[in-house]
Amino acid sequence: MLRNSGRIYTALLLLAALGGPAPAVVAAPRPLAFTAVDSLGADSRAILSILQDRQGFVWIGTIEGGLFRHDGHKQVRFLSDPSNPASLPGGRVTSLFEDERGQLWVGTDEGLARFDPVTNGFVHYLPKEGPANARIVRRIISDNRGGMWLATWGGLQHFDPRSGAFLIYQHEDGRPDSLQFNDVNAVAVDNKGGVWASTWPGGLDYLAPGASGFQHFRVDDTARPNPKANDVRALYFDSATTLWIGTADGVYTWKAGQPWEQRTLMPVAAKRVTDIDEDRAGDVWISTRTAGLIRYDRELRQFQSYRHRAEDAHSLNSDAINTTMRDRAGTLWVGSLTDGVSRANLGYHGFERFVPRDIEPDFVKSSNFVRSIGAAANGQLWLALDDGLALFDPVKRAMLRTYSAIPKRPGALSSNVIYSTYHAPDGTLWVGTSEGLNRLDNPDGPFKVIQFGSKTSNFVNSIAPGRGGMLWVATGAALLRYDPVSGATESFTHDAKDPDSRSVNGATTVIEDRAGRVWTGEFYRGGGLDMRDPVTGKFHHFRLDPNNPASLSSDRVSTMHLDADGSMWIGTSKGLNHIVAGKDGKFTVTRIQEKGELGTRLIEAIRTDKNGFIWVTTAAGMSKIDPASWTVTEYAVEDGLTEGFYMDSAANSSDGLLYFGSSSGVTAVNPAIHSSASRPPQLAITDLRVLNRSLGTGALPEGVQLEGTLTQPRALTVPWSANTISFEFAVLHYAEPRRNAYTYWLEGFDKQPVQADASRPVATYTNLAPGKYHFHLQGTNNKGVAARDEIILPVTITPPPWQTGWARAAQALLVLSAAAVLARWLMRRWRARAHELEALLAERNEELRKAQHKLAYLSSNDRLTGLANRRHFDDQLVREWRRAAREEQPVAMGLIALQQMDVYQELHSQAASDELLQQVAQTLKNCMHRAGDTLARYGSDQFAFLAPGLDADAAHVLLRQIGACLEACGLPRQGAGSLRFSVAARVASPYQQADVLQQAAEETLRQQHEHAAQASEVEG
């Protein structure tokens, strides 16, 4: 009989035995942020089972959508196909189990199946006899001896995977120690090997070790029968040997070895329990059909409830939960009846979300946007909401006071658009709005509105306390110093004539440091950062200098913070900056670059905790900086943050917590709770594709060989014709899969490693040359922790048939035979060809000789007259001069010039002029008969002769002969176009230089032109 008196007392005693003193029945939950795994499809949102296998993949069983293998990036779906005996036996996957050998077993509504990773198919197992309901498997657990116990709707079954044999326990009429009923929904094994089975509607049956008969136990109190208590849907023995019993009427526990009467109904609202599981931390997770998820926190010694909250996008996705599973990296997986799978990161603590509309829906109607946060007394906060101002108690999770702007109501807030609050030590609350500065002296009193003269001046962005009780007010028009006592205001704006004035008029944020320096920044106009010197009153400007890395990272200042050391942290639109004042009064600016998201992102807010760590919010999430080592830890929504952090919306509370506002609420940070260390992730190949076809579907393509399984390959061989190979992979770490990263390279092809992120975890190679390669893969999780083991996959590209060894040998033999025959033929051919070549060579030599002779002739003769050209004449002069010197003989040189040839050419034609020159040349050739003389065309209308051995007298005779010949040749002498000629010659001794003779002849000819039209003169 269940003890009636002191039921709660008994429950508290049991809780004390489970882990400590009696707790409250249900406490505020340790915060979790749930993220939906929404890639399974709309037809697969009813989840029944979840398991992480030894390799790290997560398997998800659904009611009618089949089975999924999930890797964080995508999933492979396995369906039931009656026409395929290797498919799932049934579409409803009720249970998943991995045995001691790493084999995956699947319980369905059509029987038991084992997944074969080699074929990517399933092997079916069914009892040889028994009712049809024996196919409906509800649970699978280990018998701790290599076998399995199956809870089915056709009785309790024991299965030996080595032999494939089933042992079935069913109800037998007339046998009291048989199973009470055949509808078995849950099964558990105690530490002695005894088996507990839930038999609806009879409660529990127990099969002791070695026994053949069952003992029967009712869960309800026989004095007060409760059929729902005997409807047991979940059984679990925890690490403390306590049996947890989940029923349609709540959760019961029983300590193994104690009298059954000491079973206890736990004081927690957990109706219609569907599953119970224990994680590695010892926490017990209770899935319910109507009350969401319940956690027994062994460390806190209390129950915690997680429910779906419509206003919190990262609350539980449904209150109808079927199952849970904690993976090896500390991620909790939750399967619901209606909304698929969600996961929460259990590995990190210290963050808590507050969603305003979830806390106070009657006041917060517009949105969950928290534009500003201000510290209040007793760890409370002032929240600037779209609907006004609220005094919030995070411990009570309650808004204690609320204030709104009511038009035309005296004493109300001037506007609900609030950008800043400051709670002064004297209790005065200052509120900066878009329509002026508001003052509240008494929580129950009216607001006093202070106006500053213009709409932009009344737009208050930030409020900061100053020396002497002054307030610094950053407005859209100026930086103001306001005296709350006298109401006096001093304005600081930009003066183009004063370089020591503000950079711009408006101000977004303002702080006065311990030295009395006032720091102010402007975001929207890019005004940079200004610092007012308290002694001189001058402003010092900090601006971006693209050429100076020690300058501000951006001129758009979004937020500022003064840390405990007195240094300034400046957030901009492009990263974080740290400014430190030196002893010499100079400031050092350090950009916090290459630190995760901080180097490039808009900095939203900055705060320092009591340990000196810097907490920074950005559009990507939150970062914690250790100033001693400059190490940065990144946090995201999956760690428990809200989304959409807002500029300068942050506060330090009096109890040491930090708070940051966002578009979806408030994130609380408890720096005293440290994050647990991130575990090295598991790494896996998820698919191999050849010619864009997965090797996991059907038979392997021709020529492809895969050693091992698809997800655990040992070697891959691909033919040369398969010119496209893809390797798909995944880091099997699910805390924040979008931040997992990869490094891969194909040894033998890639010259350096290739980086890949989680958006496309695939490596594709095309047209690889035949040969041996090794594919290397390494990965890191969301915290940058690398996998322990690198994947190295040998890859062989086989050559085409004509490049194989036997083909090359046959080709070599054929080539050698052909070479022998060809050699003999070539020898005969070469001999005949040699004779032909000899004859041809002689012929070609003769032709070459003639060509060379012709070329020499053309290079030394004038083409028009056929006489030697000037070049040949000059060469011949040098040769004859040397010979005359050796023989001590004189040399005569003569020049003949035709005058007025240009006039003749203009009157007649170029052809007529050429014809006349040819006539003169022929006449001169006829006059000169000596074999050793040289006659040449010296210029366009000049001729020259060279007569070796001719003295002056003989030269005079020769000149007269030439003149007579020219007179007789019929040159035109009358009328227009008449021609005249001059003939001159010089004889020189060989003891002089050859050019002396040439110059003398030319000078004589020039004188002939000056004295007479026709003359001949010889000078010796």
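Cut-offs applied
- Residues numbered from 1 in each chain as written.
- Predicted model: local features only at pLDDT ≥ 70, side-chain atom pairs only at ≥ 80, totals over all residues.
- Heavy atoms only, no water.
- pLDDT = per-residue confidence, 0-100.
- Contact = heavy atoms within 4.5 Å.
- Pairing = 2+ DSSP bridges.
- Helix = DSSP H or I, 4+ residues; strand = E, 2+ residues; numbered from the N terminus.
- Axes fitted to C-alpha atoms, helices over the stretch in contact; angles between N-to-C directions.
- Expected span 1.5 Å × (residues − 1).
- Buried < 20%, exposed > 50% of the residue type's maximum accessible area, 1.4 Å probe, protein only.
- Parallel < 35°, antiparallel > 145°, perpendicular 65-115°, else oblique.
- Left-handed = near helix turned anticlockwise from the far one by under 90°.
- Nonpolar A, V, L, I, M, F, W, Y, C, P; charged D, E, K, R; others polar.
- 1 Å grid on protein atoms, 1.4 Å probe; cavity = no way out; pocket = protein on both sides within 12 Å on 5 of 7 lines; lining within 4 Å.
- Points joined across faces, edges and corners; volume = space filled by probe spheres on them.
- Polar contact = N/O pair within 3.5 Å; in protein donor to acceptor, adjacent residues only side chain to side chain.

Novice: Looking at this model, I keep getting lost on the confidence of the model for the protein. Mind explaining?
Specialist: A residue-level look at the protein finds 93% of positions with pLDDT of 70 or above and a mean pLDDT of 89. This model gives residues 1–17 a pLDDT under 50, and the stretch forms 34 contacts once residues within four places in sequence are excluded. In the predicted structure, residues 19–28 sits below a pLDDT of 50 and forms 24 contacts with residues beyond four places in sequence or in another chain.

Novice: In this structure, what is going on with the sheet that holds strand S51 (residues 603–608)? I would like to understand it.
Specialist: Pairing between sheet strands relies on hydrogen bonds along the backbone, with the strands arranged either parallel or antiparallel. Here four strands make up an open sheet; going across it, the order is S51-S52-S53-S54 and the pairing antiparallel. The open sheet has two free edges, formed respectively by S51 and strand S54 (631–635), since each of these has just one partner strand. Averaged over neighbouring strand pairs, the angle between their axes works out to 20° when direction is ignored. As paired strands, S51 and strand S52 (residues 614–618) are joined by five bridges and run antiparallel to one another. Looking across to S52, one finds that Thr608 is bridged to Ile614.

Novice: I'm lost on helix H6 (residues 910–927) in this one. Help?
Specialist: The α-helix advances 3.6 residues per turn, and as a result positions three or four apart in sequence lie on the same side. Relative to the 26 Å expected for 18 residues at 1.5 Å per residue, H6 spans 26 Å between its end C-alpha atoms, a close match to the ideal helical length. Regarding H6, the residues found buried are Ala912, Ser913, Leu916, Leu917, Val920, Ala921, Thr923, Leu924 and Cys927. Where the residues of H6 are buried, they touch strand S68 (891–899), helix H5 (901–907), strand S69 (934–939), strand S70 (942–948) and helix H7 (952–968).

Novice: Hey, could you run me through the packing of H6 against H7 in this one?
Specialist: Two numbers describe a pair of packed helices, the interaxial angle and the distance between the axes. Packing of H6 against H7 leaves a shortest axis separation of 9 Å and a crossing angle of 140°. Comparing the axis directions of H6 and H7 gives the class oblique. Of the two possible hands of crossing, H6 and H7 adopt the one that is right-handed. Across the interface between the two elements, Val920, Thr923, Leu924 and Cys927 from H6 touch Leu958, Gln961, Ile962, Cys965 and Leu966 from H7. Here the residues of the contact of H6 with H7 sort into seven nonpolar, two polar and no charged.

Novice: Can you help me understand empty space enclosed by the protein in this one?
Specialist: Rolled over the atoms, a probe as big as a water molecule pinpoints where empty space is left. Tallied over the entire structure, the rule returns six cavities of 30 Å³ or more. Lining the largest cavity we find 13 residues, and of these Pro31, Leu32, Ala33, Asp639 and Gly640 sit closest to its centre. Broken down by element, the residue count for the lining of the largest cavity peaks at three residues, all from strand S30 (residues 351–354). Grouping the amino acids of the lining of the largest cavity by side-chain chemistry returns five nonpolar, four polar and four charged.

Novice: I tried to follow the side chain of Glu736 on my own but got confused; where do I start?
Specialist: Residue position: Glu736 is located in the loop between strand S62 (724–731) and strand S63 (741–747). One polar contact links Glu736 to Arg739, side chain to side chain, over a distance of 2.9 Å. A distance of 3.3 Å separates polar atoms of two side chains, one belonging to Glu736 and the other to Asn782.

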